[in-house]
Amino acid sequence: MNLTLKVWRQSGPQDKGRMVTYRVEDISPDMSFLEMLDVLNERLILEGDDPIAFDHDCREGICGMCGMVINGVAHGEQRATTTCQLHMRHFEDGAEITIEPWRAAPFPVVKDLVVDRSAFDRIIQAGGFVSVPAGSAPDAHSVPVRKDDADAAFDAATCIGCGACVAACPNGSASLFTAAKITHLSLLPQGQPERLSRAKAMVDQMDSEGFGGCTNTGECTAVCPKGIPLDTIARMNADYLKANSK
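Report on the accompanying structure. No experiment lies behind these values; they were computed from the predicted model shown.

As for the overall build of the chain
Each helix and strand counted, the chain has 8 helices and 7 strands in total. Residue burial in the chain is summarised as follows: out of 246 residues, 44% are buried. Restricting the contact set of the chain to residue pairs at least 6 apart, pairs at least 24 apart contribute 68%. For the chain, the exposed surface amounts to about 12300 Å²; the carbon and sulfur share of it is 51%.

Re the sheet that holds strand β4 (residues 73-74)
The sheet built from 5 strands is open, its strands ordered β2-β1-β5-β3-β4 with mixed pairing. Since the sheet does not close on itself, it has two edges, and those belong to β2 (18-24) and β4, each with one partner.

Regarding the pattern of salt bridges
Within the structure shown, the criterion is met by 17 salt bridges. One salt bridge in this structure joins Asp239 and Arg195, with 2.9 Å as the shortest N-O distance. Of this pair, Asp239 sits in helix α8 (residues 231-244) while Arg195 sits in helix α6 (residues 195-208), placing them 44 residues apart in sequence. Between Asp231 and Arg235 there is a salt bridge; the shortest N-O distance is 3.8 Å.

Concerning the packing of aromatic side chains
Evaluation of the coordinates by the stated rule reveals 5 aromatic pairs. Taking the centre distance of 5.8 Å and the plane angle of 45 degrees together, the rings of Phe33 and Phe91 count as tilted. Here the residue Phe33 occupies a position in helix α1 (residues 33-46), and Phe91 occupies one in the loop between β4 and β5 (96-100), the gap between them amounting to 58 residues. In terms of burial, Phe33 and Phe91 fall into one category: buried. Over the face of the ring belonging to Trp8 we find Arg103, whose NZ or CZ atom lies 4.3 Å from the ring centre.

Focus on α8
The end-to-end C-alpha distance of α8, which contains 14 residues, comes to 20 Å, matching closely the 20 Å that a straight helix rising 1.5 Å per residue would cover. Taken together, the buried positions of α8 are Thr232, Ile233, Met236, Asp239 and Ala243. Seen along its axis, α8 keeps its buried residues to an arc of 125 degrees; they face one direction. Looking at the packing, one finds that the buried side of α8 touches α5 (175-186), α6 and α7 (219-223).

Focus on the environment of Phe129
In this structure, Phe129 sits in the loop between α2 (118-126) and α3 (147-157). Along the chain, Phe129 and Arg198 lie 69 residues apart, while their C-alpha atoms are 8.5 Å from each other. Setting aside residues no more than four positions away along its own chain, Phe129 makes contact with Glu194 and Arg198.

Examining the environment of Gly172
Along the chain, Gly172 turns up in the loop between α4 (164-168) and α5. When the C-alpha atoms of Gly172 and Cys214 are compared, they prove to be 8.5 Å apart, with 42 residues separating the residues in sequence. Not counting residues within four places of it along the chain, the set of residues in contact with Gly172 comprises Val166, Phe211 and Gly212.

Notes on α1
Look at α1: 20 Å from first C-alpha to last across 14 residues, which is about the 20 Å you get at 1.5 Å a residue. Residues Phe33, Leu34, Met36, Leu37, Leu40, Asn41 and Leu44 constitute the buried set of α1. Buried residues in α1, looked at end-on, bunch into an arc of 150 degrees, giving them a common side. Projecting away from the buried face of α1 at angles above 90 degrees are the exposed residues Glu42, Ile45 and Leu46. Considering only its buried residues, α1 is in contact with β1 (3-9), β2, β3 (69-70) and β5. Backbone geometry just downstream of α1 places Gly48 in the positive-phi region, at approximately 85 degrees.

Definitions and limits used
- Residues numbered from 1 in each chain as written.
- Predicted model: local features only at pLDDT ≥ 70, side-chain atom pairs only at ≥ 80, totals over all residues.
- Heavy atoms only, no water.
- Helix = DSSP H or I, 4+ residues; strand = E, 2+ residues; numbered from the N terminus.
- Buried < 20%, exposed > 50% of the residue type's maximum accessible area, 1.4 Å probe, protein only.
- Contact = heavy atoms within 4.5 Å.
- Areas by Shrake-Rupley, 256 points an atom, 1.4 Å probe, with all protein chains shown as cover.
- Pairing = 2+ DSSP bridges.
- Salt bridge = Lys/Arg side-chain N within 4 Å of Asp/Glu carboxyl O.
- Phe/Tyr/Trp six-rings, centres within 6.5 Å; stacked < 30°, edge-to-face > 60°.
- Lys NZ or Arg CZ within 6 Å of the ring centre and 35° of its normal.
- Expected span 1.5 Å × (residues − 1).
- Arc of directions from axis to C-beta.

Given below as structure tokens:
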């Protein structure tokens, strides 16, 4: 495959940034999107140019590091797929592909396609702890959990914190991420003692980081690689309202 890439290049947070066009040739359809960028970077290094900076780690769709906007869509147009799981066979030979970083004020660009997502870490830290005694694991079924609650908690816990929800949201909201982190504890017995205080602290931290408010447009769920549903945000809002009504 021969492709034309328009890639966002930005040397640092203070640089204005610009789109730079590259041609890549002889790309295998079986390559992942990141492997294609690796090929380009190897060529740039050999030519004495600065390679394109982008985040990556596990390359198995688990770590959430590989965030970038591909042709205007977070992680690309393939549903329920991270960038590292996106393969070049989903593009046509001769295609023109634009590649940009996440666009949100709380995600400042570090370099090229790399953004600082430490705001997510601070939201999680604001959640504090759960009152779970240390020691050996409890016997199976010693603490009853409803099946639908367990399923919903598990679905929320699959959030990998990639930030695609923020990048896709027209308001730059982190509500889906924050709701997922709140929900997977709030539906389980171990998360009940601090349930309301946790929701209040995490939502307040989200707001203080500069993320926008949720207006239920649903763009976040459309690009979420783990398919976390919109009703997760409703659960978070309910807990937040209860916490502020006390």
